[in-house]
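The chain contents come next:
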Amino acid sequence: MDPHVITPGPYRATKLWNEVTRLFRSGMPVRKQWQNLRAHAACFAATAAVDWLHQLLRSNSNFGPDVTRQQTVQLLKKFLKNHVIEDVKGRWGSEDLEDNGTLYRFPSSSPLKPIPSPAPKQSSTPGSGLKRSLSLRDKEGLFRFRSTKKQSKETQENVDPALQAKAEDENVPIGEQQAHKRELTEEDEQEIWKEITLTHLQKILGIASLDEVMDRRHVNPQNIIHNMTKVNKHGVVTLDDKTNDLPHWVLSAMKSLANWPKYDSGQPSYPGFERDVFKTVSDYFYSLAQPLLTYQLYELFINVLGLLQSHSERVAIEALQLCTLLLPPASRRRLQLLMRMMSRISQNVDMPRLHHAIGTRTLMVHTFSGCVLGSAEECDLDELLATRLVSFLMDHQHTVLAVPQYLLTAVTDHVQYLRSAQLAPASRGLQGADLASAPVLLHAFCRQISSVEFEQQRVAASQKAMEDLLEILLTDRSIADKDRHKRLKQFRKQYPDIYSRRVPASDRDEKKPKIKPPLLTIRKTKAFSIRN
């Protein structure tokens, strides 16, 4: 079974469809079978297809172990509709497939979906009506402050060429010109929040540009600021406009399920009451105009699914932390309350069964997956992909939906520094040499490297550190000879290659037999005796 993982990138849902199709066509066993007294070559029964495909989806890291048999049947219906399979009479185009012994076969034509070509980028011309958002690099003149003293060559490389030329013509120091820049505005601060958040997200996803998976115009920096700063003591977003909050009766129903069996004594109690309350909550979330993760961010969350592997769980949590910050505050609040309720119900051993045939956890995931993630256009893998994401969100909701403190600290410190550097010359009247002693904010631009280069640099840096440690052990006179010998022996055992390169075989101390010193002759005293 091919464990291939579709990495983040544009049109990931289509690529996943093609990947599942390829694995199913290449791995599903076919043989000659009889039906209605007639032999059919190279075919398979629907039940056998469900068994094989269900096992494939559960073991494939793109989907995970929460895929149910019923979802597998639904996917096979999609296969029949899209002519991935056909019945033995050549019929296809409908979803008339059941988990039974009906025979199907693979058509001769290729069922793979074409990958759409990227749409050309629209230019922000005056007549296009599109406003291009400025990036941090576009605002270098605002975010860079320098002193008026001599600057090194590498510092001068980051200076705006137009500003440098103007300074040379007018014989005015560059630092003095930048000291008179305008103060930070509210729009500038919002842009800083947006750009720093998206820069972190792009780095985590490991893609060349976020334009491949999202439209930056749909990112509202005010949503990021609200989701980061306006939270209660439990970390749940608070809303300024209470009309956008969940209705009181929905909150009451969710609290009743989350705290079962501790509920308001004034509420009715009868057999099946918890099932009616659960249906009331699910009906409300499916009545919303959009899924909680919104249509605009669908492609972004689909790409985060590529990080939900066991070895990169921490990376997936960080990516989802940033992605959920982009949501409107009302949607993020609903998502937080829903995930908390689902997690509590799944772990509550006192909760009666809410379905006669499905476990509580499975019911939670499959009931609410459709109202959490979905695309504006019908996608054949929506249900499977949503199940994978919702299962992960429910298990890690405390960390995924928490405020990332490192990001909050980074942004606030950056804004605070820019304000102090901007206002210092005007408020304290710094002139010339005084400005030279002010703190300097330098920008270093990094080049993205491949994973192979990163691994090579990591190994080289680790070896250099070990070589330095070995040199200290060999040359430091403050180390006692006994301790030196002991530490060198441990180092040689753990890092034999590094040790052999530094200490040739001819210079190593040969093991010499230890000669025990002669025992001291002790005269044996005579035992005391009555005769003596």
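As the structure is a prediction and not an experimental result, all values here were calculated from the model.

Would you mind showing me how to read the overall build of the protein chain here?
Assigned secondary structure in the protein chain consists of 22 helices and four strands. By the burial criterion, 41% of the 532 residues in the protein chain qualify as buried. Across the protein chain, the fraction of contacts at a sequence separation of at least 24, relative to all contacts at a separation of at least 6, is 67%.

How do you make sense of the sheet that holds strand E1 (residues 31-35) when you look at a structure like this?
The strands that make up a sheet are held in pairs by hydrogen bonds between backbone atoms, and each pair lies either parallel or antiparallel. With antiparallel pairing, four strands are arranged side by side in an open sheet as E1-E2-E4-E3. Each edge of the sheet is formed by a strand with only one pairing partner; in this case those strands are E1 and strand E3 (86-87). Across two bridges, strand E2 (residues 38-45) lies against strand E4 (residues 103-105) in antiparallel orientation. By the bridge assignment, phenylalanine 44 is partnered in E4 with tyrosine 104. Running at roughly 20° to E2, helix H2 (residues 46-59) makes contact with E2 and E4 of the sheet.

How should the packing of aromatic side chains be read in this particular structure?
Two measures describe an aromatic ring pair: the distance that separates the ring centres and the angle between the ring planes. Under the criterion given, the structure shown has 12 aromatic pairs. Judged by centre distance (5.3 Å) and plane angle (75°), the rings of phenylalanine 24 and phenylalanine 106 are edge-to-face. With phenylalanine 24 in helix H1 (residues 12-27) and phenylalanine 106 in the loop between E4 and helix H4 (140-143), this pair connects stretches of sequence that are 82 residues apart. Phenylalanine 24 sits in the buried class, given a relative accessible area of 0%. Residue phenylalanine 106 is classed as buried on the basis of its relative accessible area of 19%. Ring pairs connect the aromatic residues Trp17, Phe24, Phe44, Trp52, Phe79 and Phe106, which therefore count as one cluster.

I keep staring at the pattern of salt bridges and nothing clicks. Help me out?
Here the structure, examined in full by the defined rule, presents 19 salt bridges. A salt bridge links glutamate 195 to arginine 216; the nearest nitrogen and oxygen atoms lie 3.8 Å apart. Highlighted residues: glutamate 195 in helix H8 (residues 186-205) and arginine 216 in the loop between H8 and helix H9 (221-229), separated in sequence by 21 residues. In this structure, glutamate 471 and arginine 502 form a salt bridge, with 2.7 Å as the shortest nitrogen-oxygen distance. With a gap of 31 residues between them, glutamate 471 in helix H20 (residues 451-475) and arginine 502 in helix H22 (residues 496-502) connect regions that are remote in the sequence. By relative accessible area, arginine 502 is classed as partly exposed at 37%. Through salt bridges with shared partners, a single ionic network connects Asp51, Arg69 and Asp99.

Before we go on, may I ask you to explain helix H3 (residues 69-81) in this structure?
Given a rise of 1.5 Å per residue, 13 residues ought to cover 18 Å, and the 19 Å separating the end C-alpha atoms of H3 matches this to within 8%. Buried within H3 we find Gln71, Thr72, Val73, Leu75, Leu76, Lys77, Lys78, Phe79 and Leu80. Each element contacted by the buried residues of H3 is listed here: H1, H2, E3, E4, helix H15 (360-372) and helix H16 (382-395). Just downstream of H3 lies histidine 83, where phi reads positive at about 65°.

Quick question: what am I supposed to make of the pairing of E2 here?
The pairing of E1 with E2 spans four bridges and is classified as antiparallel. Residue pairing for E2: glutamine 33 is matched across the bridge by histidine 40. Counted along the chain from E1 to the antiparallel partner E2, the turn is two residues long, and its residue asparagine 36 has a positive phi close to 55°.

Help me understand the packing of H1 against H2 in this model?
Two numbers describe a pair of packed helices, the interaxial angle and the distance between the axes. For the pair H1 and H2, interaxial distance at closest approach is 11 Å and the crossing angle is 130°. On the basis of their axis angle, the class for H1 and H2 is oblique. Of the two elements, H1 crosses H2, and the hand of that crossing is right-handed. Note on element contacts: H2 touches H1 through Ala49, Trp52, Leu53, Leu56 and Leu57, opposite Val20, Leu23, Phe24 and Gly27. Of the residues assigned to the contact of H1 with H2, the class counts are eight nonpolar, one polar and no charged.

What exactly am I supposed to notice about the environment of leucine 257 here?
Mapped onto the elements of the fold, leucine 257 is located in helix H10 (residues 248-258). According to the relative accessible area criterion, leucine 257 is buried, its value standing at 0%. Each C-alpha atom, one on leucine 257 and one on methionine 342, is 9.0 Å from the other, the two residues being 85 residues apart in sequence. Dropping the residues within four chain positions of it, leucine 257 is found in contact with Glu274, Val277, Phe278, Val281, Met341, Ile345 and Met351.

Parameters and conventions
Here the residue numbering is sequential within each chain, running from 1 through the sequence in written order. Reporting of local features is limited, given that this is a predicted model, to residues whose pLDDT is at least 70; pairs of side-chain atoms are given and counted only at 80 or more, and all residues count toward the totals for whole chains, interfaces and linings. Where side-chain values are given, they derive from all heavy atoms of the structure, hydrogens and water being excluded. The numbering of helices and of strands both runs from the N terminus, where a helix is a DSSP run of H or I of at least 4 residues and a strand a run of E of at least 2. Buried residues are those whose accessible area, probed at 1.4 Å on protein chains only, stays under 20% of the maximum for their type, while exposed residues exceed 50% and partly exposed ones sit between those limits. Two residues form a contact once any of their heavy atoms are found within 4.5 Å. If DSSP finds at least two bridges between two strands, the strands pair. Helix axes are fitted to C-alpha atoms over the stretch in contact, other axes to C-alpha atoms as well, and angles between N-to-C directions run from 0 to 180 degrees. Ring pairs shown here join Phe, Tyr and Trp side chains whose ring centres sit within 6.5 Å, with only the six-membered ring taken for Trp; geometry is labelled stacked below 30 degrees between planes, edge-to-face above 60, and tilted in between. One speaks of a salt bridge when a side-chain nitrogen belonging to Lys or Arg is within 4 Å of a carboxyl oxygen belonging to Asp or Glu. Given the number of residues in a helix, its expected span is that number minus one, multiplied by 1.5 Å. Working definition: roughly parallel below 35 degrees, roughly antiparallel above 145 degrees, roughly perpendicular at 65 to 115 degrees, and oblique for all remaining angles. Left-handed describes a crossing in which the near helix is turned anticlockwise from the far one by less than a right angle; the clockwise case is right-handed. Each residue is assigned to one of three groups, with Ala, Val, Leu, Ile, Met, Phe, Trp, Tyr, Cys and Pro labelled nonpolar, Asp, Glu, Lys and Arg labelled charged, and all others, Gly among them, labelled polar.

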